[in-house]
Amino acid sequence: DLSSVAGWADMALEEVRSYLGGITDSRGLGITRILQSLALDDHGLLTIPFEDEGFEAGGVKLSLYDVTMVGLDSFTLFDVLKASDATRFSNSVRLERLGVTLKMGLSLEDESGEHAQVLMGRGLNSNKMENVTVSLILKDVELDVSLLMAMDQDLMGELRLGSILNTNHILSCLL
């Protein structure tokens, strides 16, 4: 009988949803608190450094240094994995702002390339790496996404669940 396992899973999912989407303290929603404690810096940014060799095209080399996510501390709504019917999960997320900043380097590798000629005509020095920053920041971002869940019942029927079906021993199986 899977009804007790399904009931337990529903309860656990609801508790997680309630924590992540609920106001926990002055720092806002639970998801914000978790991100601030695990991933964001003191300014609310998530910076991912890259050891990128870059790529070259037309005599111009472009290297990615880092990607910074902005606004992950500005959630005002986080309501995810809400069962809207038997096969669909609805997800709603709202942020005051959401953005990305890319820090890159641009250099000339082959001065005879067509793109290199254009950049040299605009004053780019062939011996120097130019730093380039590209930013896109959106305000009042709302995402509403539904996920359709489908399972192959024949394949599910072939799975061996073993002792997890014996709910008397479920705690030891999970640990």
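With four bridges connecting them, strand S3 (residues 46-49) and strand S5 (residues 60-70) associate as antiparallel partners. Note that in S5 the partner of Thr47 across the bridge is Thr68. One ladder, built from three bridges, connects strand S4 (residues 55-57) with S5; its direction is antiparallel. If you follow Phe55 over to S5, its bridge partner there is Leu62.

What follows concerns the nonpolar core. Soluble globular proteins tend to bury their nonpolar side chains together. Grouped together as the largest cluster of nonpolar side chains are eight residues: Leu20, Leu29, Ile31, Phe75, Phe78, Val80, Val93 and Leu95. Elements represented by at least two residues in this core include exactly strand S6 (75-85) and strand S7 (88-108). Top element by residues in this core is S6. It accounts for three residues. Residues contacting Leu95, with those up to four places away along its chain left out, are Gly71, Ser74, Phe75, Thr76, Asp140 and Val141.

Glancing now at a nonpolar patch on the surface. A cluster of nonpolar side chains, contributed by Leu13, Leu81, Leu143, Val145 and Leu147, occupies part of the molecular surface with about 370 Å² of accessible area. Among the elements that make up the nonpolar patch, the one with the highest residue count is strand S8 (residues 130-148) (three residues). Tracing the backbone through its elements, the reader meets Leu13 in helix H1 (residues 3-21).

Let us now look at the side chain of Ser74. Secondary-structure assignment places Ser74 in the loop between S5 and S6. Overall, the relative accessible area of 3% leaves Ser74 in the buried class. Within the structure, the side chain of Ser74 is placed 2.7 Å from the backbone oxygen of Gly71, a separation counted as a polar contact. Among the polar contacts listed, one links the side chain of Ser74 to the backbone oxygen of Arg97, at a separation of 3.0 Å. Apart from residues lying up to four places away in sequence, Ser74 is in contact with Arg94, Leu95, Glu96 and Arg97.

Despite not being glycine, Leu81 shows a phi value in the positive range, around 55°. Inspection of the secondary structure assignment puts Leu81 in strand S6. Backbone geometry at Asp140 places phi at a positive 50°, although glycine is not the residue there. With respect to the helices and strands, Asp140 occurs in strand S8. For Asp140, a relative accessible area of 64% translates into the label exposed.

Going through the model one piece at a time under the given rule, you end up with one aromatic pair. Ring centres of Phe75 and Phe78 lie 5.4 Å apart, and the angle between their planes is 90°; on these two criteria the pair is classed as edge-to-face. The class for Phe78 is buried, based on a relative accessible area of 16%.

The rules we used
- Sequence order as written defines residue numbering, which begins from 1 separately in each chain.
- In view of the model being predicted, local features appear only for residues whose pLDDT reaches at least 70, and side-chain atom pairs are presented and counted only at 80 or more, with totals across whole chains, interfaces and linings using the full set of residues.
- Water and hydrogen atoms play no part in the side-chain values, which are based on all heavy atoms of the structure.
- A pair of strands is labelled paired if DSSP reports no fewer than 2 bridges between them.
- Helix and strand assignments follow DSSP, with helices taken as H or I runs no shorter than four residues and strands as E runs no shorter than two, numbered in order from the N terminus.
- In this text, buried Ala, Val, Leu, Ile, Met, Phe, Trp, Tyr and Cys residues form a nonpolar core when linked through side-chain atoms within 4.5 Å.
- Accessibility here uses a 1.4 Å probe with only protein chains present; expressed as a share of the type maximum, an area under 20% marks a residue as buried, one over 50% as exposed, and anything in between as partly exposed.
- Throughout, a residue-residue contact means that at least one pair of heavy atoms, one from each residue, lies within 4.5 Å.
- Here, patches come from residues exposed beyond 30% relative accessible area and free of salt bridges, joined within 9 Å for like charges and within 5 Å for nonpolar side chains (Val, Leu, Ile, Met, Phe, Trp, Tyr).
- Using a 1.4 Å probe, the Shrake-Rupley method yields the accessible areas, and only the shown protein chains count as cover for residues.
- Throughout this description, the term salt bridge denotes a Lys or Arg side-chain nitrogen within 4 Å of a carboxyl oxygen of Asp or Glu.
- Contacts described as polar in this section are N or O atom pairs within 3.5 Å, which, within protein, must combine one atom able to donate a hydrogen with one able to accept it, while residues neighboring in sequence count only if both atoms come from side chains.
- Two rings from Phe, Tyr or Trp (for Trp, the six-membered ring) form a pair when their centres are within 6.5 Å of each other. A pair whose planes differ by under 30 degrees is stacked, one over 60 is edge-to-face, and the rest are tilted.

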